[in-house]
Amino acid sequence: MSNDKTRLGFTLVELLVVIAIIGILVGLLLPAVQAAREAARRMSCSNNFKQLGLAIHNYHSAYKRLPANGIGTTSNPSAGNAWWAANTLANNRRLSTLVGILPFIEQQGIWESISNPMDIDGDGVIDFQAMGPTPDTIDYIPWTMEIPGYRCPSDPGIGLPALGRSNYAACLGDSTWQTMVGPWDGDLVEPVATVRFERAQAGHRGFFKPRDDRGRFRDCLDGLSNTVAMGEIATYLGDKDARMVLPEDGSTLGNNNGAMDALRDNPGVCDSFVNPERPRFWLNNASRDTRARGFRWADFKQIFNSCFTILPPNDIFCSRNNGDDLTATAPMSSRHQGGAHVLMGDGAVIFITDSIEAGSRNQGNVWINGTGAAAPGSPSPYGLWGALGTRAGSETIEEQLNQ
């Protein structure tokens, strides 16, 4: 007679084999799961951009002009309130495009808070006038808000010292010269027709004209589908990322007009400050961590919410030492792999790779006194990328970008 006993469980060897197989499967599946999550975040980011495109078109339909980048209120300009200064009485015409389109992205509540005087402590005394103070005022609640439609889900940045962060910036074209002032003089009295207005006419060639509320769709003679309206930017995380903040003082271009001229004539002038072993990081410590890329969603300044089609996406941010105020390369950037989203003038959203043809990084900008390739009216010196940033350069784009 048989005396075999029925086995009721796994042996230790069998259990270890099963665990090993499960571990291998998890190891194989995890990258795919992470890739799927990033694909979903990237799609959500693209959708946010599409909503901004619709908002710009609805704004233009309502007001027959583009929402200006660098506009707002002034207080007693004859007293010399310079546009770059902090001001609790007015915003010194420093509001970004993102402020004007708030009602068109279903943020009417925030818009109402901004467009009306505010009594923050309920004592019956108006603390801030309509349209708020300059966007560096932390006591003004709207400037500290995180607006979901202005954030890319792939960007982990959060909290101070940023105030409210944003990942979408107005495109000012392919020339940085005098874009910090546009056609206005330093104390915002009126446009200076014989000096800065002429400079702006020659060099401000992008979809948005800096500090100028006269932009129209009709200005895009190259066609809305061939002109970049906005670009994606990653927000700074405090890690010396060369795409988002300046290197330590003493290793940058200086703090004078000569530094602005150097940047205008050679956008790659900061290349020597980059860590050769980690090309996306500065060799020295980052400076001015409170003034970095993607901070202050309401502030039009170049380091915060403006961009250019000079250096390709995810290239370095180069500027003179007080870089949030004045001339900067301000390239687009993102937390996505290999490129960044752009919003075209017709509302289309396209993912542009870091390897897009961008001409020479050492060729100077087009400006009023430029000669040769930098002369007013010249084709963009920055190849296909620069051509996409100009609104009326008569440059033909033969390839389909969104394929």
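Residues numbered from 1 in each chain as written. Predicted model: local features only at pLDDT ≥ 70, side-chain atom pairs only at ≥ 80, totals over all residues. Heavy atoms only, no water.

Student: Which parts of the structure should I look at to understand the overall build of the protein?
Tutor: For the protein, the count of helices and strands is eight helices and five strands. Shown N-terminal to C-terminal, the secondary structure of the protein runs as helices and strands in the order α-α-α-α-β-α-β-α-α-β-β-β-α. Residues classed as buried in the protein amount to 52% of the 403 residues present. The long-range share in the protein, meaning contacts at least 24 apart out of those at least 6 apart in sequence, stands at 67%. Split by element, the accessible area of the protein, about 17,800 Å² in all, is 54% carbon and sulfur. (Helix = DSSP H or I, 4+ residues; strand = E, 2+ residues; numbered from the N terminus. Buried < 20%, exposed > 50% of the residue type's maximum accessible area, 1.4 Å probe, protein only. Contact = heavy atoms within 4.5 Å. Areas by Shrake-Rupley, 256 points an atom, 1.4 Å probe, with all protein chains shown as cover.)

Student: Explanation requested: the side chain of serine 46 in the structure shown.
Tutor: Here serine 46 shows up in helix α1 (residues 12–63). When near neighbours in sequence (up to four residues on either side) are disregarded, serine 46 contacts His341 and Val349.

Student: Teacher, can you tell me more about the environment of arginine 320 here?
Tutor: With respect to the helices and strands, the residue arginine 320 is situated in the loop between β3 (306–307) and β4 (339–344). The class for arginine 320 is buried, based on a relative accessible area of 8%. For the pair arginine 320 and alanine 262, spaced 58 residues apart in sequence, the C-alpha separation works out to 9.3 Å.

Student: Teacher, can you tell me more about the pairing of β4 here?
Tutor: In regular strands, side chains alternate between the two faces of the sheet. Burial runs high along β4: six of the six residues are buried. Two elements, strand β2 (residues 228–232) and β4, share three bridges in a ladder whose sense is antiparallel. Among the inter-strand pairings, methionine 230 is bridged to a residue of β4, identified as leucine 343. Between β4 and strand β5 (residues 349–353), which pair antiparallel one after the other, the connecting turn spans four residues, and glycine 347 there sits at a positive phi close to 100 degrees. (Pairing = 2+ DSSP bridges.)

Student: What is the right way to read unusual backbone geometry from this model?
Tutor: In terms of backbone geometry, most residues other than glycine have negative phi values and most peptide bonds are trans. With an omega of 10 degrees, the peptide bond running from leucine 160 to proline 161 counts as cis. Checked against the element boundaries, proline 161 lands in the loop between α4 (141–144) and β1 (168–171). The backbone of methionine 131 sits at a positive phi, close to 75 degrees, despite the residue not being glycine. Within the secondary structure layout, methionine 131 lies in the loop between α3 (108–115) and α4. Positive phi is not limited to glycine here, since arginine 211 has a value of about 60 degrees.

Student: Sorry, what's going on with the pairing of β1 here?
Tutor: Bridge count between β1 and β2: three bridges; the pairing is antiparallel. What sits directly across from alanine 169, in β2, is glycine 231. Pairing of β1 with β3 involves two bridges; the strand directions are parallel. By the bridge assignment for β3, cysteine 171 is matched with cysteine 307.

Worth remembering: the numbers are spatial, not functional.
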